[in-house]
Amino acid sequence: MTAHGQISTFLDALAAERDASRNTQLAYGRDLKDFVAWLAARNASPDTVTKADIEGYLGHVAAQGMSPATRARRLSAIRQFFRFAFEEGWRADNPAIRLSGPGKSKHLPKTLTEDEVARLVEAARTAGRATERVRNTCLLEVLYATGLRVTELVSLPVAAVQGDPRMILVKGKGGKERMVPLSPPARASIADWLAARAETPGQKSPFLFPSRGASGHLTRNRFYLLVKDLSVAAGIDPSKVTPHTLRHAFATHLLANGADLHSIQMLLGHADLSTT
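So, how was this worked out
- Residues numbered from 1 in each chain as written.
- Predicted model: local features only at pLDDT ≥ 70, side-chain atom pairs only at ≥ 80, totals over all residues.
- Heavy atoms only, no water.
- Helix = DSSP H or I, 4+ residues; strand = E, 2+ residues; numbered from the N terminus.
- Buried < 20%, exposed > 50% of the residue type's maximum accessible area, 1.4 Å probe, protein only.
- Areas by Shrake-Rupley, 256 points an atom, 1.4 Å probe, with all protein chains shown as cover.
- Lys, Arg positive; Asp, Glu negative; His and termini not counted.
- Charge placed at Lys NZ, Arg CZ, Asp CG, Glu CD.
- Pairing = 2+ DSSP bridges.
- Phe/Tyr/Trp six-rings, centres within 6.5 Å; stacked < 30°, edge-to-face > 60°.
- Contact = heavy atoms within 4.5 Å.
- Axes fitted to C-alpha atoms, helices over the stretch in contact; angles between N-to-C directions.
- Parallel < 35°, antiparallel > 145°, perpendicular 65-115°, else oblique.
- Left-handed = near helix turned anticlockwise from the far one by under 90°.
- Salt bridge = Lys/Arg side-chain N within 4 Å of Asp/Glu carboxyl O.
- Core = buried A, V, L, I, M, F, W, Y, C linked by side-chain atoms within 4.5 Å.
- Patch = residues over 30% accessible without salt bridge, like charges linked within 9 Å, V, L, I, M, F, W, Y side chains within 5 Å.

Draft legend 1. Broad picture of the overall build of the protein chain. When its secondary structure is counted, the protein chain shows 11 helices and two strands. Overall, the protein chain shows an N-to-C arrangement of helices and strands of α-α-α-α-α-α-α-β-β-α-α-α-α. By its C-alpha atoms, the protein chain is 60 × 40 × 35 Å across when sized along the principal axes. Sorting the 276 residues of the protein chain into buried and exposed places 40% on the buried side. Counting every atom, the protein chain has about 14900 Å² of accessible surface; 54% of that belongs to carbon and sulfur. Side-chain charges in the protein chain split into 36 positive and 26 negative, and the spacing between the mean points of these groups amounts to 2 Å.

Below you can see the structure in the form of C-alpha cells.
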C-alpha cells in the first residue's frame, strides 16, 4: 500500500472507530500528507521512518514558526497514525511511541463586550441586500444566543428550528447531542429568516442556511469573512472578531451575569470543565 493509501485507510478508521469530525479528518490528512512529502524529499517513507526522522520533521515544523497548538496537532496525527500502522501490521514497531511535543500555551481567549455584540447585530440588520440582512441577523442572533461552534451553526438543519421551539437539539463533536435554549431575539430572527427563506425560489435545502456549494450549506470560511465584513461596518477592529470570538462572548457574558460554570459547560458542549 502506498503512503497516501495508508493515510486514507487511517482516516477512514478514525471516522468509523472514533467518530472523528470531518474537520479533524481534514486537518490530520493535511498534516500527514505534509509529513509524507517531507519524508519523500529525503528518500524515506512511513514504512522506513525512524524516531530520529520524526524528530527531524518536528524540528522542521518548529523552524517554520508554526504555533505550539499546530505543532502539537501534527505530532498527535503522527502518533495516532503510527499506532494504527503498528496495530494493522504495516510496521513491526512504533517509531512515535516515546515522542514528546510542545504543550499548548494557556491564555484567556479574546472576547467582545455586550455593546460590541449589539453593534455587530445592528450592522447585520443594516448592511447588504434585504434577504442577506435577514439571514445575517439570524446567524448572529442564534450564535450569540447559543454559543454554537461554527460548524454546528452553519450546518443546522431547518427542521431543528421549525415550530418556534424554545430549545434546539444540536449535534456536536463526536456526534454528541445537547439541548441549547434560544433567546427571544434569536427566535424572532429565526422566524423572520424562515419567512424570507420561503419566499426565495428553489429553497428546498434541508439546511437552515443553504448554499449552492458542495456542502449544501453556508461554509465556515464564508461565515468567517462575513463576520469580518460586519465588524468593519460596526466600527470594530476586525482583528478582534471571529465567529469563535462570539462563542467566547456568549460564555463570558453568561458568567458575568450569574450563570454557573457547569451550566455553561453543558451549553458549550465541553467534555471537560477545565476547557470551559
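Draft legend 2. Up close: unusual backbone geometry. The backbone of Asn 43 sits at a positive phi, close to 55°, despite the residue not being glycine. On the secondary structure map, Asn 43 appears in the loop between helix 2 (22-40) and helix 3 (51-63). Its relative accessible area of 77% is what places Asn 43 among the exposed residues. One non-glycine residue, Asp 164, lies in the positive phi region at around 50°.

Draft legend 3. The arrangement of the pairing of strand 2 (residues 177-181) in detail. Burial of strand 2 is one-sided: the residues Arg 178 and Val 180 facing one way are buried, the residues Glu 177, Met 179 and Pro 181 facing the other way are not. As defined by bridge partners, strand 1 (residues 167-171) adjoins strand 2 across five bridges and the pair is classed as antiparallel. For Val 170, the partnering residue across the bridge sits in strand 2 and is Arg 178. The antiparallel pairing of strand 1 with strand 2 creates a hairpin that spans five residues between the two strands, and Gly 174 there sits at a positive phi of about 65°.

Draft legend 4. View of the packing of aromatic side chains. Enumeration over the complete set of coordinates arrives at nine aromatic pairs. For the ring pair Trp 38 and Tyr 57, a centre distance of 5.5 Å and an interplane angle of 65° mean the geometry is edge-to-face. With Trp 38 in helix 2 and Tyr 57 in helix 3, this pair connects stretches of sequence that are 19 residues apart. Overall, the relative accessible area of 0% leaves Tyr 57 in the buried class. Through a chain of ring-to-ring contacts, three or more aromatic side chains come together here, namely Phe 10, Phe 35, Trp 38, Tyr 57, Phe 81, Phe 82, Phe 84 and Trp 90.

Draft legend 5. Region of interest: the environment of Val 61. Relative to the helices and strands, Val 61 is located in helix 3. Separated by 102 residues in the primary sequence, Val 61 and Gly 163 place their C-alpha atoms 50 Å from one another. In this structure, Val 61 is in contact with Met 66, Arg 71 and Arg 74, ignoring residues within four places of it in sequence.

Draft legend 6. Examining the packing of helix 5 (residues 114-126) against helix 10 (residues 243-256) more closely. Closest axis-to-axis distance for the helix 5/helix 10 pair is 11 Å, and the angle between their directions is 135°. Comparing the axis directions of helix 5 and helix 10 gives the class oblique. Crossing handedness for the pair helix 5 and helix 10: left-handed. From helix 5, Glu 114, Val 117 and Leu 120 reach across to helix 10, where they touch Leu 246, Ala 249 and His 253.

Draft legend 7. Here's a closer look at the pattern of salt bridges. Considering all chains together, one arrives at 13 salt bridges under this definition. Two residues, Asp 164 and Arg 187, come together in a salt bridge whose shortest N-O distance is 3.1 Å. In this pair, Asp 164 is assigned in the loop between helix 7 (150-154) and strand 1 and Arg 187 in helix 8 (residues 184-198), connecting sequence segments 23 residues apart. Using a relative accessible area of 39% as the deciding quantity, one classes Asp 164 as partly exposed. Within the structure, one salt-bridge network assembled from shared partners comprises Asp 31, Asp 34, Arg 73 and Arg 74.

Draft legend 8. Looking closely at the nonpolar core. Ranked by internal contacts, the top residues of the largest apolar core, which has 45 residues, are Leu 120, Leu 140, Leu 153, Leu 156, Phe 209 and Phe 223. Elements with a contribution of two residues or more to this core: helix 5, helix 6 (130-146), helix 7, strand 1, helix 8, helix 9 (220-233), helix 10 and helix 11 (261-268). Element by element, the count of residues in this core is highest for helix 6, at six residues. Not counting residues within four places of it along the chain, the set of residues in contact with Leu 153 comprises Leu 139, Val 142, Leu 143, Leu 148, Phe 209 and Phe 223. Formed by 27 residues, the second largest nonpolar core is a distinct cluster that contains Ile 7, Leu 32, Leu 75 and Phe 84.

Draft legend 9. Local environment of a nonpolar patch on the surface. A cluster of nonpolar side chains, Met 167, Leu 169 and Met 179, forms an exposed patch at the surface whose accessible area comes to about 270 Å². You can see Met 179 is positioned in strand 2. When its relative accessible area of 43% is taken as the criterion, Met 179 is described as partly exposed.

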